[in-house]
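Structural characterization, general
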Amino acid sequence: RLNLRSVSFRRSATDSSGPVVSQAMDPLTRSHLMQRVQKYFLEFLETFKRVKEDGEREDDLYYVDQAKAMIRDHKKTMYVKMGHLEQADRDAVSFEPEDLIAVIHSKYMIVQNALNAAVPQLLSKLEDPDLQAEVEKMDELKFTVAFYDLATYSGIRDLRTDKLGRLVTICGTVTRTTDIKPELLVATWMCNECRREISGVAQEFKVTTPARCPTKNCGNTTNWKLLAESRSTRWGDWQRVRLQENENEVPAGSMPQTMDVIVRDEGTERCKAGDKVQITGSLIVVPDVPTLMSPGELKATVRRSLNTRSDPSYAAGEGVRGLKSVGNRDLTYKLAFYGTYIDEDSDWASRGSDEKSENIRSEEKMYLSQVDKERFEQISEHVSMGGKRDCLDLLARAVAPSISGYLEVKKGILLMLVGGVKKSTMEGIQLRGDINVCLLGDPATGKSEILRWVSKFLPRAVFTSGKSSTAAGLTASVVKDNDLDQERLIEPGALMLADNGVCCIDEFELMDVKDMVAIHEAMEQQTITLSKAGIQATLNARCSILASVLPKNTYYQATLPLHKNCDLSPPIMSRFDLFFVMQDIRDETQDLTVAKHIVASHQRKDEEVAPPLSQIDLQRYIRLARTFKPKISAEGQALLIKCYKKLREDRTYVRGAAGVTVRQLESLVRLSEAIARVYLSKYIRPEHVKEAFELQISSLRQSERESIDLGEEDLAPSTKRRREDEEEEGEQAKRVKRVRITLPEYMRMGQMLLRHLAEQDAAGQVVTEGDLITWYMEQVEPELVTEEQLFRQQHLVQLVVTRMIDKDRVILVTQPSKDPLQPEGRVLTKHPNVPVDSLDRI
């Protein structure tokens, strides 16, 4: 009887520290080993029952049930969890589970066929006659076993020849996949001289024919015909995946390494470019095929001197010369990986840490426990101290917690992650649901840090820089593959790699104009059209774009409109749903808050910088919110139309600006859908539209800061009030409501008012609103000439004081007016946390 332990742990004379590295084994020992492995593995499949939480075993046979489901679904791969082998019932099997695990780990490529052969044996023992009839129709040589959930994984950089033939798991990002191609595994040949058929000829890296015809007196060695339709000829599907190591695994100063992964049959088409995956399989060695072929078998384009080593993957020019005198050829080998199981890398963001992550864009069904469901519903119903639902503010504070402030920007990032609802018209035109956001900010305002946080928040997120990006690098290019007979392949760019994710572009303004034009189609239609090298293709780029832009003059100038502060063309600007201006404001209170936050993060005081929600909770909440498909209610529809009309009525933008187009209405719909999703609502209600409109207005108008509207914004003005107003006073009322003031003038007036309040507070004097206005009028009286200017200035200072109380909140009302008909009697004081010259630093 052969002992598995003696086989798996036999040590060589040169390696005394671990299992045998070489896969060389005596043929008799190999045969006995495969028989034992097949027998013991079949015992495991027939007897395994999962262990419950209380330590008892379930009644159902886990892998027998999986085999039945496999036949019903016409699948040919059985998935075996390595942890189940450790939990095997020792009383039900006749082997030690540790020995079988050790053999599978160390001799996987040797015992792979034995493991696969146990599957049809298990299927043949099923008692269901209907299933047996299905099994008989299937090719038993096609059944395979795929192991998953190994305890450890190996980086691509760590793969060396000592891991040849072992079962390992590697992780990385898929950068390219080939088409599925047929692969000849075992061939049947017919001799064209004597018409004899020869079957069972295994293919070894190239088309392998029999060495000689076995018919007596034939002697044919070259004249063969392949019988592709013969029952003994085996074909398989084949695909090659290019895997690149993750950026967090690349050592400093090194280039990311790649590995070719070979997958077969049901393992094909399991991933696409941009996916972060875990692949379980074995490391193999593949020879350079042309060196195995005679010069007559080579094409003229690849015919070369076979006595030199000239693999283009090495240095250019001649390599190591072969031994010409004895006629030896110098073979070039390369490492490849034979993958049997491909799965999404669930630890893509938290490898090396204890915190887990979840893919918010996953299309798999989401399962929540009752406790989590109730907790998320409480978050959606959260009410602030003022009695208003503030779920959006609460979640926004959990976005990029390492950055202090910028709540409006974080709201926009949150809505971009949640996204709107993708739709299609009756004509088949796709309307995007992804939200594009642009951050226009001064240096050192945290733009790149926000982009980095987003790129690590979800797996299909790509971070790139505008200066080093070209049109082909962002969209796609056509390249020739040397290993596939110079076949042309599409090399995906950043936007394709971020499909169903987010593409973060830093220093967006440094891109060349011709390269920036290339992403017009991707930003609106979310497709990339290629017409080059004989390839006509339309590729998907369904991603959101998060761009950061530095102002034209380094620092944002508040007196200039938005489009004159950045080097972006109007077509690009109109494709962004939200624009946010991030200014470096010199404010003592804000500076103190930011300094405390940064120092606390460096001291690792988690309680001071901890967000209200952990990252995994935020990811799960966003994933839950994305399951909702809100519809526009009748009230929401009416308010959407009014908001769009209000945007179009504003004529303040000049020629050259992006202006307000229909895209802003679509953006408003997308933002309303995203806000409704955040509140876990099935309908878009007026409060959702109003919140989206305020966010859009802040990015479209308030960011320009060329003039401040002192009038009260009224989205739904009363028609009854309009009828009651007299015709003469109607025009004057409209003029009064829409009073505008320049930013420098507003800062000058506000500074005077705040300084006077501070002086009176220091002297212990009580100041009413009427006293404050009277004082200001006395200060500016010498500059006034006519009575009309006097009344206009008095009304203007009333509006400025009202804005400073209601909107800027730099002036507090300590005591309301005793007479409701005389509101100017309320007592005012300066906000204690506001410096006197704070308005001067906006």
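Definitions and cut-offs
- Residues numbered from 1 in each chain as written.
- Predicted model: local features only at pLDDT ≥ 70, side-chain atom pairs only at ≥ 80, totals over all residues.
- Heavy atoms only, no water.
- Helix = DSSP H or I, 4+ residues; strand = E, 2+ residues; numbered from the N terminus.
- Buried < 20%, exposed > 50% of the residue type's maximum accessible area, 1.4 Å probe, protein only.
- Contact = heavy atoms within 4.5 Å.
- Pairing = 2+ DSSP bridges.
- Axes fitted to C-alpha atoms, helices over the stretch in contact; angles between N-to-C directions.
- Parallel < 35°, antiparallel > 145°, perpendicular 65-115°, else oblique.
- Left-handed = near helix turned anticlockwise from the far one by under 90°.
- Phe/Tyr/Trp six-rings, centres within 6.5 Å; stacked < 30°, edge-to-face > 60°.
- Lys NZ or Arg CZ within 6 Å of the ring centre and 35° of its normal.
- Salt bridge = Lys/Arg side-chain N within 4 Å of Asp/Glu carboxyl O.
- pLDDT = per-residue confidence, 0-100.
- Expected span 1.5 Å × (residues − 1).
- Polar contact = N/O pair within 3.5 Å; in protein donor to acceptor, adjacent residues only side chain to side chain.
- Nonpolar A, V, L, I, M, F, W, Y, C, P; charged D, E, K, R; others polar.

Moving on, we get to the overall build of the protein chain. When helices and strands are tallied, the protein chain shows 27 helices and 28 strands. By residue count, 46% of the 842 residues in the protein chain fall in the buried class. Sequence separation of at least 24 residues holds for 71% of the intrachain contacts in the protein chain that already meet a minimum separation of 6.

Positive phi, normally seen in glycine, also occurs at Ala400, with a value near 45°. By secondary structure assignment, the location of Ala400 is in the loop between helix H9 (391-396) and helix H10 (407-418). A positive phi angle is found at Asn500, which is not glycine, with a value near 65°. Along the chain, Asn500 turns up in the loop between helix H13 (494-497) and strand S17 (502-506). Taking relative accessible area as the criterion, Asn500 reaches 26% and is therefore assigned partly exposed.

With nine of its eleven residues buried, strand S4 (residues 181-191) lies for the most part within the structure. Across five bridges, the pairing between S4 and strand S7 (residues 234-244) is antiparallel. Bridging across to S7, Lys181 finds its partner in Trp238. Pairing analysis gives four bridges linking S4 to strand S5 (residues 197-202), with the strands arranged antiparallel. Bridge pairing in S5 places Ala187 opposite Val201. Linking two consecutive strands that pair antiparallel, namely S4 and S5, is a turn of five residues; a positive phi of about 65° is found at Arg195 within it. The sheet contact formed by S4 and strand S6 (residues 224-226) spans three bridges and is antiparallel.

The subject of this paragraph is the packing of helix H20 (residues 634-649) against helix H21 (residues 662-678). Across the interface, H20 lies against H21 with an axial gap of 10 Å and an inter-helix angle of 140°. Overall, the two elements H20 and H21 adopt an arrangement that is oblique. Where H20 crosses over H21, the two elements pack in a sense that is right-handed. Taken together, the residues of H21 that come into contact with H20 (itself represented by Leu640, Cys643 and Tyr644) are Val662, Leu665, Leu668, Val669 and Ser672.

Moving on: the packing of aromatic side chains. Applying the stated criterion across every chain yields a total of 15 aromatic pairs. Taking the centre distance of 5.6 Å and the plane angle of 90° together, the rings of Phe376 and Tyr621 count as edge-to-face. Linking Phe376 in helix H8 (residues 370-380) with Tyr621 in helix H19 (residues 615-625), this pair joins segments that are 245 residues apart in sequence. By relative accessible area, Tyr621 is classed as buried at 1%. Cluster of aromatic residues (ring-pair linked, three or more members): Phe41, Phe44, Phe48, Tyr62, Tyr63, Tyr108 and Phe147. In this structure, Arg452 packs its charged tip against the face of Phe463, placed 3.8 Å from the ring centre. A cation over a ring is seen here: Arg803 above Tyr746, with NZ or CZ 5.5 Å from the ring centre.

Applying the stated rule across the entire model yields 24 salt bridges. The closest approach of N and O atoms between Arg90 and Glu96, which form a salt bridge, is 2.7 Å. What makes Arg90 partly exposed here is its relative accessible area of 43%. Residue Glu96 is classed as partly exposed on the basis of its relative accessible area of 40%.

Moving on, we get to the sheet that holds strand S14 (residues 461-465). The sheet built from five strands is open, its strands ordered S14-S17-S20-S13-S21 with parallel pairing. Where the open sheet ends on each side, the last strands, each with one partner, are S14 and strand S21 (578-582). The mean angle between the axes of side-by-side strands here comes to 15°, regardless of whether they run parallel or antiparallel. One ladder, built from five bridges, connects strand S13 (residues 437-441) with S21; its direction is parallel. In the strand pairing of S21, Cys438 is matched with Phe579.

For the rest of this paragraph, the subject is the side chain of Gln203. Assignment of secondary structure puts Gln203 in the loop between S5 and S6. Beyond its immediate chain neighbours, meaning those up to four positions away, Gln203 contacts Leu184, Leu185, Ala187, Trp189 and Thr208.

Our focus in this paragraph is the confidence of the model for the protein chain. The predicted coordinates of low-pLDDT regions are not to be read in fine detail. Averaged over all residues, the pLDDT of the protein chain equals 79, while 81% of them reach at least 70. Here helix H23 (residues 719-724) stands out as the element of the protein chain with the lowest mean pLDDT, 41, in contrast to strand S20 (residues 544-549), whose mean of 91 is the highest. In this model residues 8-22 is a low-confidence stretch, pLDDT under 50, and it forms 21 contacts with partners more than four residues away in sequence or in other chains. Low confidence marks residues 300-328, where pLDDT is under 50. Its contacts with residues over four positions away, or in another chain, come to 34 contacts.

This paragraph deals with the sheet that holds strand S26 (residues 767-768). Strands in a sheet are paired, the pairing made by backbone hydrogen bonds, and the direction either parallel or antiparallel. Within the open sheet, the three strands sit side by side as S26-S28-S27. Their pairing is antiparallel. Only two strands of the sheet have a single partner each, and these edge strands are S26 and strand S27 (811-815). Note that S26 and strand S28 (residues 827-830) share two bridges and pair antiparallel. Looking at the pairing, Thr768 lines up with Val827 of S28.

Turning to H10, a few remarks are in order. Taking 1.5 Å of rise per residue, twelve residues should cover 16 Å, and H10 covers 16 Å from first to last C-alpha, within 8% of that figure. With ten of twelve residues buried, H10 lies mostly within the body of the structure. For H10, the set of buried residues is Val409, Lys410, Lys411, Gly412, Ile413, Leu414, Leu415, Met416, Leu417 and Val418. Where H10 terminates, the next one or two residues include Gly419, which has phi positive at roughly 75°.

A separate point is the side chain of Arg157. Along the chain, the position of Arg157 falls in the loop between strand S2 (144-148) and strand S3 (167-177). The exposure class of Arg157 is buried, given its relative accessible area of 18%. Polar contacts involving the side chain of Arg157 include one to the side chain of Glu245, which spans 2.4 Å. If we skip the residues at most four places from it in the chain, Arg157 touches Glu245, Val250, Pro251, Ser254, Met255, Pro256 and Gln257.

Further remarks concern the packing of helix H3 (residues 62-72) against helix H7 (residues 129-137). Where H3 meets H7, the axes come as close as 10 Å, and the angle between the chain directions of the two elements is 60°. As H3 packs across H7, the resulting crossing turns out to be left-handed. Here H3 contributes Lys68, Ile71 and Arg72 to the contact with H7, which in turn contributes Leu131, Glu134 and Val135. Residue composition of the contact of H3 with H7, grouped by class: three nonpolar, no polar and three charged.

Attention shifts here to the environment of Leu754. Topologically, Leu754 is positioned in helix H25 (residues 743-763). A residue is classified by how much of its surface remains accessible, and Leu754, at 0% relative accessible area, is buried. As a C-alpha pair, Leu754 and Val810 span 56 residues in sequence and 8.3 Å in three-dimensional space.

A separate point is helix H6 (residues 108-124). Turn by turn, an α-helix covers 3.6 residues, leaving residues three or four places apart pointing in a common direction. End to end, H6 covers 24 Å across 17 residues, agreeing with the expected 24 Å (1.5 Å per residue, within 8%). Counting buried positions along H6 gives twelve out of 17 residues, so the element sits mostly inside the fold. Along H6, the positions that sit buried rather than exposed are Tyr108, Ile110, Val111, Gln112, Ala114, Leu115, Asn116, Ala118, Val119, Pro120, Leu122 and Leu123.

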